[in-house]
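Okay, here's what each chain looks like letter by letter:
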Amino acid sequence: MPATNSSQPDKNNVQGMIMRGYTHPWSCHLIFKFATQPGAKEFIKTILPYVQSAADWGDNKPEIMLNIGFTFTGLKLVSKLTTSDLAGFPPTFKQGPASAGSQQSLNDFGTSAPNTWVFGQTGKQVDCVVHVYGMDEPALNKLVKIVADAAVAGGLTEYLPIANGTKRLEEYATVPRNSIHFGYLDGIDQPALGWGSPSDPADLSAFLIGYPNKTSQPGPSYGNAGIFAKDGCYNAFRMLYQDVNVFDTFLETNAKAIAPKIGKSVEDTIAWLAAKLNGRWLNGSPLELSPDAPDPKTSHATAFGYSGDTTGMKCPFAAHNRVANPRDEELSEQGPPPRLIRRGMAYGQPFNSKTASEDRGLIGLFLCGSLSNQFELLYSWINTTNFSNLFPSQQGQDALIANRSMPGADTSFTIPTPAGPVEIESLPQFVVARGTAYCILPGISTLKSIVE
Ligand code: HEM
């Protein structure tokens, strides 16, 4: 029996983070492995009252709240689904991010290799990730303690626990929200999440399971698996180390060489080069709208395209934002580019001489209806930038986040300028994968059914 219909989703049944970006200043992500089915169910039952739905909270913004995701192994343990029901889930979700299939897109080679991950690899199986939010630090800690105590009671193992001397992936007040370690403003552009346009990759139906969508085809949609997954959404949860020292050194060293060619000071060339890697200036202004300098008026602009910039003179083809959302760019394949909902935060202390050796980076929550048609397709573009006929053959990889150890990777970066192209022979590795888990954020009625 099909579990799909086209009536509008009930926001009370959808986990909140899928439909809204939370503005709680404090958050923490707890990563667990279950021990037994009764222990796992007891754990879920204890934290269920804190699960936040997508329903509008009006003036009563919750002081504390959480959302829950399960990997396929976690789901297998806690759900009542049979082996044949479970077969209905997409292979990408079932096999997980360290699998050979997923690695064809993620290309986690070298220091990002799955066997170096702190979670999500063989022997470090993740079953459940709990995302906790608080209005202030004591509020966050209160709920973290409730979750941590419930985990101990249920016999769960936590990765990155405080008890082992490693900090939880907490947000530090010193890293401003909406800002990330390389200094860019983040959280600017998100899919509009309209309703009723199944051909639109930004429609909510491209993200929520159980509603027809032609672009991402979220599933499973049929049988018991479809009923279980309805109103759920996948989350590619990824911990990404950011090498601020390598990034800053790269900018400074190259800016000195480039500045005379483009007629700017070294300081301005550092800002220019950072913008060319990303596609937006540090303040958020898109290069397409503000090609010469950042402009406070465009810092949150989202209405622009790349089709008028066929030479890459404003925004290089391989700039991160141009690859991750090519907008109106001509694509090699039919159909509009996939979209992702991004939720996440910086983790770790800001970089300075005292904290230089500490861990820091981005906790990325990439929400999608299909891990393969959205998240992994974009990742393959990031590592190869082969998605547009417009691209000259040698355009290298995503300039900011691609894996440079990928066999055959073209790590060069070309920045077209009126004075001729600036050629950077080889980009360093700015970002390293530390762990990945493919989760489903089930509907709230499904969470309740698990503990009944
Ligand atoms: C540490 C790693 C990363 C850094 C430093 C980074 C940085 C940024 C920045 C500064 C922006 C612009 C802010 C905005 O538009 O909201 C952005 C946008 C974006 N990023 Fe990333 N990102 C990272 C990882 C990823 C990954 C792994 C993906 C996808 C697989 C991704 C997909 C996107 C998308 C889709 C956009 C929106 C582009 C647009 O709509 O114009 N990013 N990123």
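Conventions we followed
Residues numbered from 1 in each chain as written. Predicted model: local features only at pLDDT ≥ 70, side-chain atom pairs only at ≥ 80, totals over all residues. Heavy atoms only, no water. Donors = N, O, S within 2.8 Å, 3.2 Å for Na, K, Ca; no water. Helix = DSSP H or I, 4+ residues; strand = E, 2+ residues; numbered from the N terminus. 1 Å grid on protein atoms, 1.4 Å probe; cavity = no way out; pocket = protein on both sides within 12 Å on 5 of 7 lines; lining within 4 Å. Points joined across faces, edges and corners; volume = space filled by probe spheres on them. Nonpolar A, V, L, I, M, F, W, Y, C, P; charged D, E, K, R; others polar. Near = heavy atom within 4 Å. Polar contact = N/O pair within 3.5 Å; in protein donor to acceptor, adjacent residues only side chain to side chain. Domains from an automatic or database assignment. Axes fitted to C-alpha atoms, helices over the stretch in contact; angles between N-to-C directions. Parallel < 35°, antiparallel > 145°, perpendicular 65-115°, else oblique. Left-handed = near helix turned anticlockwise from the far one by under 90°. Contact = heavy atoms within 4.5 Å. Buried area = accessible area lost by both parts, 1.4 Å probe. Salt bridge = Lys/Arg side-chain N within 4 Å of Asp/Glu carboxyl O.

Looking now at the coordination of the iron atom of the ligand. Within the protein, just one atom coordinates the iron atom of the ligand: His320 (NE2), at a distance of 2.1 Å. Among the structural elements, His320 can be located in helix α11 (residues 320-324).

Let us now look at the layout of surface pockets. Approximately 380 Å³ is the volume found for the second largest pocket. Along the wall of the second largest pocket there are 19 residues; nearest its centre are Gln334, Pro336, Pro338, Leu377 and Trp381. In the lining of the second largest pocket, the residues fall into eight nonpolar, nine polar and two charged.

Before going further, it helps to spend a moment on the site of the ligand. Around the ligand lies a shell of 26 residues, among which Ile188, His320, Asn325, Arg327 and Arg342 are the nearest. For the ligand, an oxygen atom lies 3.2 Å from a polar atom in the backbone of Gly187. A distance of 2.9 Å separates a nitrogen atom of the ligand from a polar atom in the side chain of His320. When the residues that make up the shell around the ligand are grouped by side-chain class, the tally is 14 nonpolar, six polar and six charged. Mapping the shell around the ligand onto the domain boundaries places at least three of its residues in each of domain 1 (16-232 + 441-450) and domain 2 (241-344 + 370-435).

Okay, the packing of helix α9 (residues 244-262) against helix α10 (residues 266-278) next. α10 packs onto α9 with a crossing angle of 115° between their chain directions and a minimal axis gap of 8 Å. By the angle between their directions, the pair α9 and α10 is classed as roughly perpendicular. In the crossing of α9 with α10, the sense of the turn from one axis to the other is right-handed. Contacts between α9 and α10 involve Phe247, Phe250, Leu251, Glu252, Asn254, Ala255, Lys256, Ile258, Ala259 and Ile262 from the first element and Val266, Thr269, Ile270, Trp272, Leu273, Ala274 and Leu277 from the second. Across the contact of α9 with α10, the residue classes tally to 13 nonpolar, two polar and two charged.

With that settled, consider the domain arrangement of the protein. Reports often express the size of an interface as the amount of accessible area lost when the parts come together. Splitting the protein by domain gives domain 1 (16-232 + 441-450) and domain 2 (241-344 + 370-435). The C-alpha centroid of domain 2 is placed 28 Å from the C-alpha centroid of domain 1. The interface is formed by 40 residues belonging to domain 1 together with 48 residues belonging to domain 2. Together domain 1 and domain 2 conceal approximately 3,700 Å² of surface at their shared face, both sides included; 58% is due to carbon and sulfur atoms. The largest share of the area that domain 1 buries against domain 2 comes from Phe182, Tyr184 and Asp189, three residues that together contribute 23% of it. Where domain 1 packs against domain 2, one counts two salt bridges. The residue Asp189 makes a salt bridge to Arg327 at a minimum N-O spacing of 2.5 Å. For the pair domain 1 and domain 2, the interface holds 18 residue pairs in polar contact (both at pLDDT 80 or more). In terms of residue class, the side of domain 1 that touches domain 2 is built from 20 nonpolar, 15 polar and five charged.

Before going further, it helps to spend a moment on the pattern of salt bridges. Within this structure, the stated rule accounts for eight salt bridges. A salt bridge links Arg238 to Asp108, with the nearest nitrogen and oxygen atoms 2.6 Å apart. With Arg238 in strand β5 (residues 233-242) and Asp108 in the loop between α6 (100-106) and β3 (128-134), the pair connects residues that are 130 residues apart, well separated along the chain. Each member of the salt-bridge network shares a partner with another, and the members are Asp309, Arg322 and Glu329.

All right, on to empty space enclosed by the protein then. It is the rolling of a water-molecule-sized probe over the atoms that shows where space remains empty. One pass over the full model with this rule turns up one cavity of 30 Å³ or more. Reported here for the largest cavity is a volume of approximately 70 Å³. Elements with a contribution of two residues or more to the lining of the largest cavity: β5, α12 (371-384) and β10 (431-441). A total of three residues in the lining of the largest cavity trace back to one element, the largest contributor, which is β10. Residues of the lining of the largest cavity, tallied by class, amount to eight nonpolar, five polar and two charged. Counting contributing residues, the lining of the largest cavity receives three or more from each of domain 1 (16-232 + 441-450) and domain 2 (241-344 + 370-435).

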